[in-house]
Structure formats: structure tokens, C-alpha cells
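Report on the structure
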Amino acid sequence: MNKSEMGRSKTILEYLVMINELSYSGIGRELNITPQQFSDWIKKRRPIPQERLQALANYFGVEEGVLIDSQQYAKPITSLAKIELHMLLVEQKVEQLEVEGADEEDIEPYRKKKFKLQQEREDELRLARIAIVLQQRDERIDSFIDIVLDELEAGQIEDLRKKIQKGDV
């Protein structure tokens, strides 16, 4: 799977298929569904029936809520959803290795990856918050953000902190 294929993913279900390098027909055989049914779920043409949802969740080793939205359609993939899904898969791998009694040196890379994913998640959450603020279309907010960004880009973090404390920004 290359980066352009990953970027085209529209739902978490489709993304799970790609990262696991599976085929619709193979999944259909395993779960006793047609490839067309599976494709309809992935493309959000039909909701995923409850009786099939549990089978899908078990197949991919995730909770049902990871796969669907409130209307039972495949949940859209976002940058944040990708990160959270990867965190879940890494956590599952760590648990598996611990149960198997793996050496700490074999587990450590997964713990480092989880830490990196947690940092990426925090970044995505900050970006989402900023996007929400920018959608207010308030010139005062835009001006304030520009001032803060200018100071940060110039490396004036301590000066900015002092200005904020004094109310000069």
C-alpha cells in the first residue's frame, strides 16, 4: 500500500482493509457476505446491519464503535481517526507481546510508537481547535493568532509568555 492509496481512504473500514492488505472477496468469504455488500458498506451506500457489525468488529479486532457512525454507516476516516486507530493497533500488539512473554527490547519499539502517536494526536486536536476558532471569521481573533504565530516563529516564546501575562497581546 502506498501513500496515495492511504490518502484516498474515505472510511475507517476501507482503511482497515488497506492497512491489512485484504480483499473485499476474501473478507466476504470469511464473513459469508458478498463483495458487493461489503463494498456498499465501505462506500456508505448502505448502513452496516447490526448482525454483521459484530462480525466485522471481531474480524478486525476493534470495537464496533470504531467502525460506524450514529446511523450505522461506516465512519469517515480523518487524520485524527487514523492516529487513534494506529494507537489502538499498537496497544493491542503490546498486549499480545506481553501475554506471550516477549522481551522488553521487543516491546519497547511499540511503546515508542505509541508515544509518538499520542503526540501526533495532541497536535491534531490542537489543529482542530484552531480550525474551529478560525471558522468564527472574527478579525480580532485572526489578528491575535497572527501576532502569536509571528512571535512563535521568531522564537520569542518567553517574550510572548510575558506579554500574555501582562495583557499586552
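The structure we're discussing is the one just above.
Since this is a predicted model, take the numbers as computed values, not measurements.

Turning our eyes to something else, we now look at the overall build of the protein. A count of helical and extended segments in the protein gives 10 helices and zero strands. If you list the helices and strands of the protein from N to C, you get α-α-α-α-α-α-α-α-α-α. With respect to the three principal axes, the spread of C-alpha positions in the protein is 65 × 45 × 30 Å. In the protein, which comprises 169 residues, the share counted as buried stands at 26%. Restricting to contacts in the protein with at least 6 residues of sequence separation, those with at least 24 account for 48%. Looking at the protein as shown, the accessible area adds up to about 11400 Å², and 50% of this sits on carbon and sulfur atoms. Looking at charge distribution, the protein has the averaged site of its 26 positive side-chain charges lying 4 Å from that of its 33 negative ones.

In this structure, Leu 13, Phe 38, Ile 48, Leu 56, Phe 60 and Leu 67 are the most contacted members of the largest nonpolar core, which totals 23 residues. Breaking this core down by element, the ones donating at least two residues are helix H2 (12-19), helix H3 (24-31), helix H4 (35-42), helix H5 (50-60) and helix H7 (79-99). With five residues, H2 is the largest single contributor of residues to this core. Grouped together as the second largest cluster of nonpolar side chains are seven residues, Met 87, Val 94, Ile 107 and Leu 117 included.

Its place among the elements puts Ala 57 in helix H5. Residue Ala 57 is classed as buried on the basis of its relative accessible area, which comes to 2%. Between the C-alpha atoms of Ala 57 and Glu 105, which are 48 residues apart in sequence, the distance is 30 Å. Those residues within four positions of Ala 57 in sequence are excluded, and the remaining contacts are Val 62, Glu 63, Glu 64 and Leu 67.

As a further point, take the packing of aromatic side chains. The geometry of an aromatic ring pair is captured by the separation of the ring centres together with the interplanar angle, meaning the angle of the planes. Taken as a whole and judged by the stated rule, the model has three aromatic pairs. Seen from their ring centres, Tyr 24 and Phe 38 are 5.3 Å apart, and the 70° between their planes marks the pair as edge-to-face. Here Tyr 24, found in helix H3, pairs with Phe 38, found in helix H4; they are 14 residues apart in sequence, far enough to count as distant. With relative accessibility at 25%, the residue Tyr 24 sits in the partly exposed group. Given the relative accessible area of 0%, Phe 38 is considered buried. Taken together, the aromatic side chains of Tyr 24, Phe 38 and Trp 41 make up a single cluster linked through ring pairs.

Quick look at a nonpolar patch on the surface now. A contiguous nonpolar surface patch, about 270 Å² in accessible area, is contributed by Leu 149, Leu 152 and Ile 157. By the element assignment, Ile 157 lies in helix H10 (residues 157-166). Judged by its relative accessible area of 54%, Ile 157 is exposed.

Here we take up the environment of Phe 115. Positionally, Phe 115 belongs in helix H8 (residues 104-134). The partly exposed category is assigned to Phe 115, whose relative accessible area is 48%. C-alpha of Phe 115 to C-alpha of Gly 155: the two residues are 40 residues apart in sequence and 26 Å apart in space.

Below, the discussion takes up unusual backbone geometry. Phi at Glu 21 is positive, roughly 50°, even though this residue is not glycine. One can find Glu 21 in the loop between H2 and H3. Owing to a relative accessible area of 65%, Glu 21 belongs among the exposed residues under this scheme. Phi is positive for Arg 137, close to 55°, though the residue is something other than glycine. By relative accessible area, which is 69% here, Arg 137 ends up exposed.

Rules used throughout
Residues numbered from 1 in each chain as written. Predicted model: local features only at pLDDT ≥ 70, side-chain atom pairs only at ≥ 80, totals over all residues. Heavy atoms only, no water. Helix = DSSP H or I, 4+ residues; strand = E, 2+ residues; numbered from the N terminus. Buried < 20%, exposed > 50% of the residue type's maximum accessible area, 1.4 Å probe, protein only. Contact = heavy atoms within 4.5 Å. Areas by Shrake-Rupley, 256 points an atom, 1.4 Å probe, with all protein chains shown as cover. Lys, Arg positive; Asp, Glu negative; His and termini not counted. Charge placed at Lys NZ, Arg CZ, Asp CG, Glu CD. Core = buried A, V, L, I, M, F, W, Y, C linked by side-chain atoms within 4.5 Å. Phe/Tyr/Trp six-rings, centres within 6.5 Å; stacked < 30°, edge-to-face > 60°. Patch = residues over 30% accessible without salt bridge, like charges linked within 9 Å, V, L, I, M, F, W, Y side chains within 5 Å. Salt bridge = Lys/Arg side-chain N within 4 Å of Asp/Glu carboxyl O.

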